[in-house]
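Chain residues, written in single-letter form:
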Amino acid sequence: KVPPYVFFFMCCASYRIHSIFVLRLFNDPVAMAILFLAVNLFLEEHWSWGCLLFSLAVSVKMNILLFAPGLLFLLLQRFGLLGCIPKLCICALLQVVLGLPFLLVNPLGYLTRSFDLGRQFQFRWTVNWRFLPEEVFQSRAFHAALLLAHLAGLGLFALHRWHRSKESILALLRDPAQRKHPSPPLTANNILWEDGGQQGAPQIIFVLFSSNFLGVCCSRSLHYQFYVWYFHTLPYLLWCTPTTKLAHMPKVLLLGVIELCWNTYPSTLCSSLSLHVCHGLVLLQLWYGTAPPPAPHTPPPSRKPPALSKKAQ
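Everything quoted here is computed from the prediction, not taken from an experiment.

Summing up its helical and strand segments, the chain has 12 helices and zero strands in all. Reading the chain from its N terminus to its C terminus gives the helix and strand order α-α-α-α-α-α-α-α-α-α-α-α. Counting contacts in the chain only where the partners sit at least 6 residues apart, residues at least 24 apart contribute 71% of the total.

In structure tokens:
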């Protein structure tokens with residue numbers, strides 16, 4: 001569904017991505033490479049191995065946790081609550097094994113510093129919130145508002161875009177064999193409702209990539225190396241919806257403006273606002289482009305008998 005020329009921009013035209021991978025040698029590309037290996041394993045139905053690599057990616061960089069809500073949804077859809085517990089244990093066990101040398105010496109210090117979710121970011125490095133005053137950027141109330149927005153976005157997408165069954169979303173807690181309506185099989189990326197309005201199947205790629213994108217949109221700060229968190233997912237996020245919602249050229253333009261925002265150093269009021277506008281447009285086309293079609297409306301039968309012609313009378 002993606003036009004071939006878009007892959008030129010993805011592979012060759014991003015100076016910022018080239019800098020992150022080759023010049024700066026950040027750990028973000030390493031984490032994302034392992035994450036994409038895990039996604040391939042999920043597509044091949046190797047869920048245990050995929051969870052192992054997912055946890056390995058988290059051990060490199062914590063931004064991989066932005067994919068975690070989508071992965072939890074897929075595990076519940078595929079295995080139910082009891083069935084997904086062993087997969088979650090694989091993720092937790094690897095974290096314990098990798099952290100064991102530090103847990104044995106200073107467990108409190110390791111846990112508080114390795115998983116420091118409340119650390120402050122430096123305002124001079126932010127790409128997405130430059131238009132705010134620095135005191136607002138550092139405000140705990142602002143951070144709490146972003147967290148609430150993130151949770152609300154995940155809830156809306158889980159209820160209305162990821163969940164495609166006729167049953168309540170709570171049915172995911174049951175074993176798949178015991179659900180009233182059999183769960184449709186997980187598929188790779190066929191997210192469009194092209195089956196005459198019937199219920200579609202949850203899509204692995206769409207759920208994972210949209211979960212991550214929602215987290216990026218609500219991040220407390222985006223530094224320049226964080227661009228790789230979602231750069232390679234942008235073509236999919238833009239072209240997984242019908243072009244009737246957003247044509248090819250506007251989608252390419254969105255890619256270009258996002259690239260321009262990430263290449264503006266230091267970030268400016270205009271570049272950070274433009275980045276939010278682009279993110280908002282991508283979210284809107286994801287929301288409306290993956291909405292189920294309205295059910296066909298059949299008018300109720302009229303009780304009035306049809307009028308007879310004069311000849312029939």
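Sites flagged by UniProt as "transmembrane region" (unreviewed entry) map to residues 21-41, 47-76, 88-110 and 141-159. Taken end to end, residues 47-76 is 77% helix and 0% strand, and its first and last C-alpha atoms sit 12 Å apart.

With that settled, the discussion passes to helix H8 (residues 140-162). Counted at 1.5 Å a residue, the expected span for H8 with its 23 residues is 33 Å, and the 31 Å between its end C-alpha atoms agrees. Of the positions making up H8, those classed as buried are Phe142, His143, Leu146, His150, Gly153, Leu154, Phe157, Ala158, Arg161 and Trp162. Residues of H8 that are buried sit in contact with helix H5 (68-103), helix H7 (134-137), helix H9 (204-217) and helix H12 (269-289). You can read the cap of H8 off the contacts: a side-chain oxygen lies 3.2 Å from the backbone nitrogen of Ala141, and it is on Ser139.

Helix length check: helix H11 (residues 248-262) (15 residues) gives 22 Å between terminal C-alpha atoms against 21 Å at 1.5 Å per residue, within 8%. Looking at the buried residues of H11, the elements they touch are helix H1 (6-12), helix H2 (15-23), helix H10 (234-239) and H12.

Looking now at the packing of aromatic side chains. The final tally for this structure, using the stated rule, is 19 aromatic pairs. On the basis of an interplanar angle of 65 degrees and a centroid distance of 6.1 Å, the ring pair of Tyr227 and Tyr230 is categorised as edge-to-face. Classification of Tyr230 as buried rests on a relative accessible area of 0%. Here the aromatic cluster, defined as three or more aromatic residues joined through ring pairs, consists of Phe213, Tyr227, Tyr230, Phe231 and Trp262. The residue whose ring lies beneath Arg130 is Phe123, and the NZ or CZ to ring-centre distance is 5.0 Å.

A few words now on unusual backbone geometry. Cis geometry is found at the peptide bond from Tyr265 to Pro266, where omega equals -10 degrees. One non-glycine residue, Leu25, adopts positive backbone phi at about 55 degrees. With respect to the secondary-structure elements, Leu25 resides in the loop between H2 and helix H3 (28-43). Backbone geometry places Glu45, a non-glycine residue, at a positive phi of 65 degrees. Looking at the secondary structure, you find Glu45 in the loop between H3 and helix H4 (47-60).

Moving on, we come to the packing of H5 against H9. In the contact formed by H5 and H9, the axes pass within 7 Å of each other and the chain directions differ by 150 degrees. If you check the angle between H5 and H9, you find them roughly antiparallel. Side by side, H5 and H9 meet where Pro69, Gly70, Leu71, Phe73 and Leu74 of the first sit next to Ile204, Val207, Leu208 and Ser211 of the second. When the residues that make up the contact of H5 with H9 are grouped by side-chain class, the tally is seven nonpolar, two polar and no charged.

Right, let's get into the pattern of salt bridges. Applying the stated criterion to the full structure yields two salt bridges. Across the pair Asp28 and Lys61 runs a salt bridge, and its minimum N-O distance is 3.5 Å. Remark: Lys61 occurs in the loop between H4 and H5 and Asp28 occurs in helix H3; sequence separation between them is 33 residues. Considered together, Asp28 and Lys61 belong to a single accessibility category, that of buried residues. In this structure, Glu45 engages Arg78 in a salt bridge whose closest nitrogen and oxygen atoms are separated by 3.0 Å. Of this pair, Glu45 sits in the loop between H3 and H4 while Arg78 sits in helix H5; the two residues are 33 residues apart in sequence, bridging distant segments of the chain. Judged by its relative accessible area of 37%, Glu45 falls in the partly exposed class. Residue Arg78 is classed as partly exposed on the basis of its relative accessible area, which comes to 33%.

Scored by pLDDT, the chain has a mean of 86; 87% of the residues are at 70 or more. Per-element confidence in the chain ranges from a low mean pLDDT of 83 for H1 to a high of 96 for H4. When the criterion is pLDDT under 50, residues 192-201 qualifies, and its contacts beyond four places in sequence or with other chains add up to 24 contacts.

In this fold, Gly99 is placed in helix H5. Its relative accessible area of 0% is what places Gly99 among the buried residues. Each C-alpha atom, one on Gly99 and one on Ser59, is 9.0 Å from the other, the two residues being 40 residues apart in sequence.

Further remarks concern the packing of H5 against helix H6 (residues 107-114). In contact at an axis separation of 9 Å, H5 and H6 are set at 125 degrees when each is read in the N-to-C sense. What the angle tells us is that H5 and H6 run oblique. Of the residues in H6, those in contact with Gln95, Gly99, Phe102 and Leu103 of H5 are Pro107, Tyr110 and Leu111. Of the residues belonging to the contact of H5 with H6, the class tally is five nonpolar, two polar and no charged.

Reading guide: rules and limits
Residues numbered from 1 in each chain as written. Predicted model: local features only at pLDDT ≥ 70, side-chain atom pairs only at ≥ 80, totals over all residues. Heavy atoms only, no water. Helix = DSSP H or I, 4+ residues; strand = E, 2+ residues; numbered from the N terminus. Contact = heavy atoms within 4.5 Å. UniProt positions renumbered as here; feature names shortened; annotations may be inferred. Expected span 1.5 Å × (residues − 1). Buried < 20%, exposed > 50% of the residue type's maximum accessible area, 1.4 Å probe, protein only. Polar contact = N/O pair within 3.5 Å; in protein donor to acceptor, adjacent residues only side chain to side chain. Phe/Tyr/Trp six-rings, centres within 6.5 Å; stacked < 30°, edge-to-face > 60°. Lys NZ or Arg CZ within 6 Å of the ring centre and 35° of its normal. Axes fitted to C-alpha atoms, helices over the stretch in contact; angles between N-to-C directions. Parallel < 35°, antiparallel > 145°, perpendicular 65-115°, else oblique. Nonpolar A, V, L, I, M, F, W, Y, C, P; charged D, E, K, R; others polar. Salt bridge = Lys/Arg side-chain N within 4 Å of Asp/Glu carboxyl O. pLDDT = per-residue confidence, 0-100.

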